[in-house]
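Fold and contact review
Here's the letter readout for the chains.
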Amino acid sequence: MKLTAWLGLILLMIVGLIGVVTGLLPDGWLPYDIVADVSPSDAGAAPSAAHWLGTDHLGRDVAWRLVLATRAFVGPGLLACLLASVIGVGAGAVSGFLGGPIAALVRYLSTVTASIPRFVLVLLAIAINGNSTWLIGAVAGVAYSPAVAEAVFSRIDSLQRADFVLAARAHGLGPFRILGYHLLWVNCRRMVGRHALNLFGYLLLLETTLSYIGGFGVMEPQPSWGNMLAFEFGYRTDNIWGVWAPALAIWVTIFCCGLVSDALAERRRG
Amino acid sequence: MVTARRTSPRASTVRRRATSLPSILLLASLTLAALPAQGQGLRYAEDQAPGIVNPVFTTTMPEARLNELVFEGLYTDNQNLASVPCLAESSELSADRTALTVKLRSDVTWHDGTPFTSADVVYTIEAMKNKGTLSTEKGRVAWIQKAEALDDHTVLLQFERAEARPEDKLLFKVLPAHKFSGPAIKRTDPFRNEPVGTGPYRFARYNDDNSISLESHADHRDAVSIHEIVMREVSDKNYQAKLLLYESLEALVRVLPRDLAVLQNNRKVDLYPYQTNSWWYLGFNLERDPWREPAVREAIGHLVDVEALLAPIGTGDTLTGPYVKSSPYYNHDVPSWDYSTSRAASLLESAGYAQDGGQWSRDGEPLTLNITAHQTLESSQEVVINLQSQLQSAGFDVQVEFLDEAAWKARIWREHDYDLVLSQWTFDRNEDIRDQFHSEGARNFCSYGNEQVDELLNKARDTTDPHEKKAALREVHRLVHADTPMIFLWTLDSYAALSTRVGSVVIHPFYFFTFVHDWRME
Amino acid sequence: MADPQLRHDDTPSSDLARAGSWKLVFPVLRLVAVFMLTLAGAVLAIQLLLWASPGDPVDLVPNGEEIRAQLEAEWGLDRSLPERYVQFLGRALRGDLGSSLTYRPGATVTELILPAAGRSLRLLIPALLLSMGLGLGLGLLTAGRSSVVRRLAQVVSVAPVFLLAFVAVHLLNELAFYGMEAGWFGRPGWFALPDTDSAMKSSLAILVLAVGSGALAEVHAAVEDEVVRLRNATFVDAAVARGAPVWKHVLWNLLPPLATIAYGRAAFFVGGLVIVEKVLHLNGAGSMLWQACRLRDYPVALGITVLAAAAVCGARLLGDLVRISVDPRLREVAQ
């Protein structure tokens, strides 16, 4: 992979690692208390030794909140990717390999899910419980799975009649092995990986947009890049980092998802 | 393998055309310039457009403000907020105070030219009381037992019980009888597309961008200087002040505290302070442990630093009771709960709590608090986060929740599923807190009940002596403060902002446009 | 960040081929049947979601609790969900989608959502065309080679739509205001964004929708994939060897995959419309859906979502029709 793709991957892994570590650590272990940090007298302070990126308009440290915000979307993002991959690959494989009425039913369900625009589906779902990013992640994963299913289905379908599959059958390899290894692992993994990265970036975008527009997603005082952005918008303080730090974080992360996804792309020859 | 030839010249033209089109589009729109955008109209912004222009179905404040322009009531407020006749000319209260004979003006016409008669008044009252109408304003006429037209310009109103000052309650808007077909008014009636009133402005049209245009009514008895008023929906509060500065609007009904500084310094904008009768509070759920216990509630009262909560969000007066500081019913002798950790500690200990490593608990159970707030209440997020920080450092385990309006109403009003709730009550000039504090009050969702308070509230409602009423309500203030069903927080200073092109502006604190006759615009 | 599923495979695998007939009638009828069934499924899903959310329209009426029973009866909320579902489908087939409860009380849903949908389509279709056009152009430009242009397009495209819109509005407003104050030009007709509707605002909406949230990057990548694949295909080598013009073949073969890309983007854009309309204060179906959900106005929310689902399914139908009309192989029986 090219250098830029490696850089992107490293950045993503750093973000992911921070997200997982801060998510798993019990609250008391971090030298920062989200709730206690409120100090209105410090509002909008510029970056300094005490506050590396300054403070927001309630006096809370921007840098720490930026770091802790990773746990808000890394977990749900991974959940979304998992759901989309499992459901998508499952549905695609079943309908591609088996055919018949089961396949038709699976494809029908997939089409119904695909026909409701993802954002609208998430919007309706979170009307039920807007406070849960895990729910947003789960719904986004389910809403994205038809795309994965379609991709896997068309790939498997086109490979059904390929020579190597006939050869494998002739050798007496069982259907699970053919499907699991030859078809799915060898041929589909890069594609599913690209979809997963795509979805991860999409979820971050979704959470940001929902926080800004409607106050859904991660609820205060838990930070997320989206709600940090929404919170500071429209406030005139001396600290531009209150708005730009989360915006840049979002921008860079999604861009890295794109870089890595591009590197995974297959360039078919001949 | 033969590699494909480099792209032919046709490819580059395809490329160029694909990318040049959008840039041409952009440039064209940019230069589509220099069209004068300002008419003679006054444009004002609301957070949410009125759903329906019909005073019988008013649900939101934007609707109430718009109705103020299009419709009129029998009485209205003057600049001292006292009732003066509007559609009525004069009225006579019977000796036993159970009936009022109202003489109506004879020079009033509806926007469609039909003359205004007593039949309209009778119809409006009957329709609002009618079960089939499902009116949101039923309460406004519930006290009227019967309305009868004595002649074309005289109405006799009979009340359920004796009334001291019925004119104060005759502010509801009158609808034209001839525009409706049955005794009940339905939301689906064609009136919603062509509302007709007697007010200084008539409904012109709904616009495509969700704005509403009103034009001055030529035959109105009071000439208005502004010929057109447009209500614009600007749901993003971040833009409201900006649009005023850019002269895309002429009026903002309520300025956000964070925009005050910018607008104050701008020479094209005037700020008008006004006193709304609305105050913020932190309500306890008296159906739940441990909020049933007055000692615990009072302890929380001593641990909340109200001034520190107010400072980041704006300026205003902190309160000790359910009235605004300038209200005649406010009891200035009642001291506020002072911020005192020691007093709170002794109260909590008397209730059986012990502080264990900084955390208050009783019988092994830590004291947990859940604060629920309403997303659309401006700045409530800052207050709740700040409050959470204060209470957490005092030794409680505090969770917060922000809900949207429908969910909030369902959880708080219907299900009573909360510990503490941060919200705001708004009253008109009558400041009738009965619904909130009487044990049978319709809005008493915290389940507060105090017999003495009930008695005093009843006395205040039934008495005709204003001094007696004042004394009773001041006592209610004192009792409610002592009981602490809620911690009274503050009233925020409210400002309206208008362009300097609009002069002679007087603002009604509740309805905003009541005195629009006096406004002048260049 | 391409959608690899939008790749056009050499072996026909669509429903149409499996229909087993060269006649277009059967496949088209089947597609329409699938369309209707999908809509019915979508309606059920949406009804369930709306019904499960806390709070209902009666809560938003000031004296709602007093008159709850009557309001529920008038608004049809007192019946069970299966009843409401069946009733809704029945009425919808006759064109009656009910009346708004809290958004515009009393107005019929059709009179609200049809003009709004029209306004949204006037954004959606140009955005789709612009996205496809820009993506096509950039894809042809950068296919097969690493390029700064691609990275640049990605960087811009990756920004969230609302952020792009906000930055653009802020810049344009400030520039125009500065110019006005300095006396360079009079007040532009579109000033100030996003207040009044204007060509500028619509153009901005279209641009932001076409480019933002990864839209442009995805189309670009998909087109690139296709162009590279086609360039390396044997029939292109054959055409080059014969000295025939390559472009005609490449473009014509690009059409089916472009159609598939287009309907994939359509679903994405319909979702993105909600954001763009909200941020730029455009009164279309997207912002109406948002308000309706906030106000728990079930008939309007249901109506708009069904319309959106119908639009997406319709786009898919159109895409499939384009594919079978362009590619004769898809009309043949699959072996």
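The following paragraphs examine the structure supplied in this document. (Residues numbered from 1 in each chain as written. Chains lettered and ligands numbered in written order. Predicted model: local features only at pLDDT ≥ 70, side-chain atom pairs only at ≥ 80, totals over all residues. Heavy atoms only, no water.)

1. Topic: the overall build of chain B
A count of helical and extended segments in chain B gives 13 helices and 25 strands. Each principal axis of the C-alpha atoms in chain B carries an extent, and together these give about 90 × 90 × 50 Å. When the 522 residues of chain B are sorted by exposure, 55% land in the buried category. At a minimum sequence separation of 6, the contacts of chain B that also span at least 24 residues come to 67%. As presented, chain B carries roughly 21600 Å² of accessible surface, and 47% of it is formed by carbon and sulfur atoms. One finds the centroid of the 54 positive side-chain charges in chain B at a distance of 8 Å from the centroid of its 73 negative side-chain charges. (Helix = DSSP H or I, 4+ residues; strand = E, 2+ residues; numbered from the N terminus. Buried < 20%, exposed > 50% of the residue type's maximum accessible area, 1.4 Å probe, protein only. Contact = heavy atoms within 4.5 Å. Areas by Shrake-Rupley, 256 points an atom, 1.4 Å probe, with all protein chains shown as cover. Lys, Arg positive; Asp, Glu negative; His and termini not counted. Charge placed at Lys NZ, Arg CZ, Asp CG, Glu CD.)

2. Points about the overall build of chain A
A tally of helices and strands in chain A yields ten helices and zero strands. Referenced to the eigenvectors of the C-alpha coordinate spread, the extents of chain A come out at roughly 75 × 45 × 35 Å. Split into buried and exposed, the 270 residues of chain A put 58% on the buried side. The long-range fraction of contacts in chain A, counting pairs at least 24 apart against all pairs at least 6 apart in sequence, stands at 71%. In the structure as shown, chain A presents an accessible area of about 11000 Å², 70% of it carried by carbon and sulfur atoms. A distance of 19 Å separates the average location of the 17 positive side-chain charges in chain A from that of its 15 negative side-chain charges.

3. As for empty space enclosed by the protein
As enumerated under the stated definition, the model contains 17 cavities of 30 Å³ or more in all. For the largest cavity, the calculated volume is near 280 Å³. Among the secondary structure elements, those contributing two or more residues to the lining of the largest cavity are β10 (228–233) of chain B together with α11 (246–279) and α12 (285–294) of chain C. The element best represented in the lining of the largest cavity is α12 of chain C, accounting for three residues. Partitioning the lining of the largest cavity into residue classes produces five nonpolar, seven polar and six charged. (1 Å grid on protein atoms, 1.4 Å probe; cavity = no way out; pocket = protein on both sides within 12 Å on 5 of 7 lines; lining within 4 Å. Points joined across faces, edges and corners; volume = space filled by probe spheres on them. Nonpolar A, V, L, I, M, F, W, Y, C, P; charged D, E, K, R; others polar.)

4. Overview of helix α4 (residues 100–115) of chain A
Between the first and last C-alpha of α4 of chain A there are 22 Å, a value that for 16 residues agrees with the 22 Å anticipated at 1.5 Å per step. The set of residues buried in α4 of chain A consists of Ala103, Ser110, Thr111, Val112 and Ser115 of chain A. (Expected span 1.5 Å × (residues − 1).)

5. Considering the packing of helix α6 (residues 148–158) of chain C against helix α9 (residues 215–231) of chain C
Residues and elements named next belong to chain C. It is at 7 Å that the axes of α6 and α9 come closest, and there the two elements cross at 145°. The segment α6 lies against α9, with Arg150, Ala153, Gln154 and Ser157 engaging Ala215, Leu216, Ala217, His220 and Glu224. Its residues assigned to classes, the contact of α6 with α9 comprises four nonpolar, three polar and two charged. (Axes fitted to C-alpha atoms, helices over the stretch in contact; angles between N-to-C directions.)

6. Observations concerning the environment of Ser248 of chain B
Mapped onto the elements of the fold, Ser248 of chain B is located in the loop between α4 (237–245) and β11 (251–252). The class for Ser248 of chain B is buried, based on a relative accessible area of 1%. It is 40 Å that separates the C-alpha atoms of Ser248 of chain B and Ala127 of chain B, two residues lying 121 residues apart in sequence. Aside from chain neighbours lying at most four places away, what touches Ser248 of chain B is Arg43 and Leu243 of chain B together with Arg187, Phe191, Ala192 and Asp195 of chain C. A polar contact of 3.3 Å, which involves the side chain of Ser248 of chain B, links it to the side chain of Arg187 of chain C. (Polar contact = N/O pair within 3.5 Å; in protein donor to acceptor, adjacent residues only side chain to side chain.)

7. Focus: the interface of chain A and chain B
On the chain B side, the residues contacting the 19 residues of chain A number 17 residues. Taken over both partners, the interface formed by chain A and chain B buries close to 1700 Å², and the fraction arising from carbon and sulfur atoms is 55%. At the boundary of chain A and chain B, one finds zero salt bridges. Inspection of the chain A/chain B interface yields two residue pairs in polar contact (both at pLDDT 80 or more). (Buried area = accessible area lost by both parts, 1.4 Å probe. Salt bridge = Lys/Arg side-chain N within 4 Å of Asp/Glu carboxyl O.)

8. Brief notes about the sheet that holds strand β15 (residues 354–356) of chain B
Adjacent strands of a sheet form backbone hydrogen bonds with each other and so pair up, either parallel or antiparallel. All names here are of chain B. If you trace the three strands from one edge of the open sheet to the other, you get β15-β16-β17, paired in antiparallel fashion. The open sheet has two free edges, formed respectively by β15 and β17 (365–366), since each of these has just one partner strand. Here strand β16 (residues 359–362) runs beside β17; their pairing, made up of two bridges, is antiparallel. The partner of Arg362 across the bridge, within β17, is Glu365. (Pairing = 2+ DSSP bridges.)

9. Description of the side chain of Asn54 of chain B
Residues and elements named next belong to chain B. Position of Asn54 relative to the elements: it lies in the loop between β1 (41–46) and α2 (61–70). Assessed through its relative accessible area of 3%, Asn54 is described here as buried. Excluding residues within four positions of it along the chain, Asn54 makes contact with Asn67, Leu175, Ile185 and Phe191.

10. Some words on unusual backbone geometry
Geometrically, the link from Glu220 of chain A to Pro221 of chain A is a cis peptide bond, its omega value of 0° lying close to zero. Note on placement: Pro221 of chain A falls in the loop between α8 (175–214) and α9 (225–232). Each neighbour pair has its own omega, and for Asp289 of chain B with Pro290 of chain B the value is -5°, a cis peptide bond. Position of Pro290 of chain B relative to the elements: it lies in the loop between β13 (277–284) and α6 (294–303). For Asp363 of chain B, which is not glycine, the phi dihedral falls at a positive 55°. Looking at Asp363 of chain B, the relative accessible area reads 77%, which means it is exposed. Backbone geometry places His416 of chain B, a non-glycine residue, at a positive phi of 55°.

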